[in-house]
Amino acid sequence: MGFDECGSPFDHLQADLTGGYYDAGYNGKFGLRMAFTATMLAWGVVEFWQELSWAGERSHAIRWATDYRLKAVAGPTELWVQVGDGDSDHNCWERREDMDTSRKASKVDKDHPASEVAAETAAALAAASEVFKHSDQQYSEKLNEKAIWVTCFLIASVCT
């Protein structure tokens, strides 16, 4: 059984979907938006590394998103893309620790492709691999490997 931070069980899956960012102040996580944010943060750090040197640790926000996106890449042909329900979660404005509503999670796979979220996830992982290339080479390589997995999955699902 998988869980998210709300402590809500996902009876139908075996996944750890903790971490990452919630969207817009309520309790949903959307893969496309999170991946886009991670991509933009990563490229900002890559482009303006020297200018951001005053900030000390520049990469925590990126790692929080990419750690989650790494967990969302369930295998070479599966990608978790959403936690929660966009409609019902808009009506639920409480601390995630207090949530007791059922949670659902959505994924894309070879039978249910979604090229946009897969492409942005690959971009986020690849861009973040550049951020960590010199400071954490092992993590950088892991990000790059998963970016390639998602890219191959994307190409296979679009081209078949």
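Whatever comes next refers back to the structure up there.
Along every chain, residues carry numbers that run from 1 in the direction the sequence is written. Since the coordinates come from a predicted model, pLDDT governs what is reported: local features require at least 70, and pairs of side-chain atoms require 80 or more to be given and counted, while whole-chain, interface and lining totals use all residues. Where side-chain values are given, they derive from all heavy atoms of the structure, hydrogens and water being excluded.

(A) Highlighting the side chain of Ser140. Mapping Ser140 onto the fold places it in helix 5 (residues 137-159). Burial classes follow relative accessibility: with a 1.4 Å probe on protein chains only, a residue under 20% of its type's maximum area counts as buried, one over 50% as exposed, and anything between as partly exposed. On the basis of relative accessible area, Ser140 is assigned to the buried category, the value being 7%. Should any heavy atoms of two residues lie within 4.5 Å, those residues are counted as being in contact. Not counting residues up to four positions away in its chain, the partners in contact with Ser140 are Ser129, Phe132 and Lys133. The way it works is that DSSP assigns letters per residue, a run of H or I at least four long becomes a helix, a run of E at least two long becomes a strand, and they are numbered from the N terminus.

(B) Expanded view of the pattern of salt bridges. By convention in these notes, a salt bridge is any Lys or Arg side-chain nitrogen within 4 Å of a carboxyl oxygen on Asp or Glu. Under the criterion given, the structure shown has 6 salt bridges. Across the pair Asp16 and Lys71 runs a salt bridge whose closest N-O atoms are separated by 3.6 Å. With Asp16 in the loop between strand 2 (9-10) and strand 3 (29-30) and Lys71 in helix 2 (residues 60-72), the pair connects residues that are 55 residues apart, well separated along the chain. Residue class for Lys71 comes out partly exposed when judged on its relative accessible area of 32%. In this structure, Arg63 and Asp136 form a salt bridge, with 2.9 Å as the shortest nitrogen-oxygen distance. Placement of Arg63 in helix 2 and of Asp136 in the loop between helix 4 (115-131) and helix 5 is noted, with a sequence separation of 73 residues between them.

(C) A look at the side chain of Asp109. Residue position: Asp109 is located in strand 6 (residues 105-109). What qualifies as a polar contact is a pair of N or O atoms within 3.5 Å, subject to a donor-acceptor requirement within protein and to the restriction that residues adjacent in sequence count only when both atoms come from side chains. Within polar-contact distance, the side chain of Asp109 engages the backbone nitrogen of His112 at 2.9 Å. The contact partners of Asp109, leaving out residues within four places of it in the chain, are Thr77, Glu78 and Phe153.

(D) Molecular detail of the packing of aromatic side chains. Classification of ring pairs uses Phe, Tyr and Trp, with its six-membered ring standing for Trp, and accepts pairs whose centres are within 6.5 Å; under 30 degrees between planes counts as stacked, over 60 as edge-to-face, and the remaining range as tilted. Throughout the structure, instances matching the rule amount to 1 aromatic pair. Judged by centre distance (5.0 Å) and plane angle (90°), the rings of Phe132 and Tyr139 are edge-to-face. With a relative accessible area of 1%, Phe132 lands in the buried category. When its relative accessible area of 8% is taken as the criterion, Tyr139 is described as buried. We count a charge as sitting over a ring when the NZ of a lysine or the CZ of an arginine lies within 6 Å of the ring centre and within 35 degrees of the ring normal. Across the ring face of Tyr22, the terminal group of Lys29 is positioned such that the distance to the ring centre comes to 5.1 Å.

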